[in-house]
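Now for the letters of each chain:
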Amino acid sequence: MGLVTAHERMANGKLRQAIALEAARLMYERTESEYYTAKRKAAKRLCRRGVKPEDLPSNAEIREQIQLFARIHEGDKRTENLRDMRIEALRLMRLMRAYRPRLIGSVMTGHIRKGSDIDIHVFCDSPGLLTDLLEQEGLQYDLERKQIVKHSEARVFTHIHIHDRFNFELTVYAEDKAHYVFRSSITGKAIERASIRELEELLARDYPDLDLEERLQATEEAVDPYQLYRMLLAPLENVRQSAKYHPEGDVLYHSLQVFERAREERPYDEEFLLAALLHDVGKGLDSGNHVQAALEALDGLITERTRFFIEHHMDAHAHRDGTIGARLKQKLESSVDFDDLMLLQKCDRTGREMGVMVGTLDEALDFLKDLERTNG
């Protein structure tokens, strides 16, 4: 067997780095969620002749490149988000104190990126006790049981996904697993995790100027608009519309279509996108006057510009059809947001197709959350 030359080692090193970078891009953009799949796909794209397993980058190398993407694209907001996510993690962990919560993952280690969840292990023999607690606190969640096959052995994991200002993923283990040593898929070593006390100490150490209790109190008192948005939007799946004007079906499906079209037009405009998603929420409250019902439900949670779009989205249709009154026509046309209002009208009118693929409600809300954090 011949010796590997220095030139070959250098070439393999460059290829390994290129694969790590491409795999990181796939994961940062959420095209792939698993390290193994991302590195295999990256290797296939970059090298037609195939790559030996030993030449593939490690999970740790890919994670480092993901952090590079995060630092470049998210800047100082990433540091602020990490602090806020750790505070939110502590708030929820205190609520679940009886179930020995442990913070793990990117929020614990500091390796967050756009769209990261707050991952927490909890130890409880009955997930129903946890969901009862979440309901008492008014938190919205989904319960998921996922089967994983590893080494020919099938195991079922219970996850609770909480939809809040930041998204949480709770993994529920039996109570007797509280002292079990879990291993990282990235490093192969015991995962880093923090109890309530350890997280409090981390916050005090990393953010010495933070008044933690004051910040937690302010967080408790603040209304999370995304929770309310979700509460208003989710029931629209069961609200049917006139087939004459809305052949696509229910109001939620229509709203998600309008959001997708708005995102194609104005992916950076948070107020416009929010109006596109929320413009018909009043139909689940008062079908006879859905515009006024929406404005009352959203009062104090949206900007004046978003309010303008929702308040006049039906007037925009009348303007387009030439049935609007002269005074209202002049009022709308004198607004600096008139062109964007008519663009929303276009999205509203075209977002009525049957069988079109759209993202989920939670994906739409997550996009808006990330945009809000990016815009500050």
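Keep in mind the model is a prediction, meaning the values are calculated, not measured.

1. So, the environment of Ala293
Then, in step 1: Within the secondary structure, Ala293 is located in helix 12 (residues 290-297).
Then, in step 2: Exposure remark for Ala293: the relative accessible area of 11% places this residue in the buried category.
Then, in step 3: Measuring from C-alpha to C-alpha, the distance between Ala293 and Gly282 comes to 4.8 Å, with 11 residues separating the pair along the chain.
Then, in step 4: Those residues in contact with Ala293 that lie beyond four places of it in its chain are Gly282, Leu285 and Asp286.

2. Comments concerning the packing of aromatic side chains
Then, in step 1: The tally for this structure, following the rule as stated, stands at 8 aromatic pairs.
Then, in step 2: Here Phe157 and Tyr173 contribute two aromatic rings whose centre-to-centre distance is 6.3 Å and whose plane-to-plane angle is 85°, an arrangement assigned as edge-to-face. Linking Phe157 in strand 4 (residues 153-163) with Tyr173 in strand 5 (residues 167-173), this pair joins segments that are 16 residues apart in sequence.
Then, in step 3: For Phe157, a relative accessible area of 17% gives the class buried.
Then, in step 4: With centroids separated by 6.2 Å and ring planes inclined at 80°, the aromatic side chains of Phe259 and Phe367 adopt a geometry described as edge-to-face. Highlighted residues: Phe259 in helix 10 (residues 251-265) and Phe367 in helix 16 (residues 361-375), separated in sequence by 108 residues.
Then, in step 5: Pairwise contacts between aromatic rings join Phe123, Phe157, Tyr173, Tyr180 and Phe182 into one cluster.
Then, in step 6: The aromatic ring of Tyr180 is capped on one face by Lys177, whose charged end is 4.9 Å from the ring centroid.
Then, in step 7: Taking NZ or CZ as reference, Arg263 lies 4.6 Å from the ring centre of Phe367, over its face.

Rules and cut-offs
- Counting restarts for each chain, with residues numbered from 1 along the sequence as it is written.
- Where totals are concerned, whole chains, interfaces and linings use all residues; where local detail is concerned, this predicted model gives features only for residues with pLDDT of at least 70, and gives and counts side-chain atom pairs only at 80 or more.
- The side-chain values count all of the structure's non-hydrogen atoms but skip hydrogen atoms and water molecules.
- Elements are defined by DSSP. Helices are runs of H or I of four residues or more, strands are runs of E of two residues or more, and each kind is numbered from the N terminus.
- Partly exposed describes any residue whose relative accessible area lies between the buried limit of under 20% and the exposed limit of over 50%, with all areas from a 1.4 Å probe on protein chains only and scaled to the type maximum.
- Here, two residues are considered to be in contact whenever any of their heavy atoms come within 4.5 Å of each other.
- Pairing of aromatic rings covers Phe, Tyr and the six-membered ring of Trp, with a centre-to-centre limit of 6.5 Å; geometry is then stacked below 30 degrees between planes, edge-to-face above 60, and tilted otherwise.
- Two thresholds decide whether a charge sits over a ring: the Lys NZ or Arg CZ must be within 6 Å of the ring centre and within 35 degrees of the ring normal.

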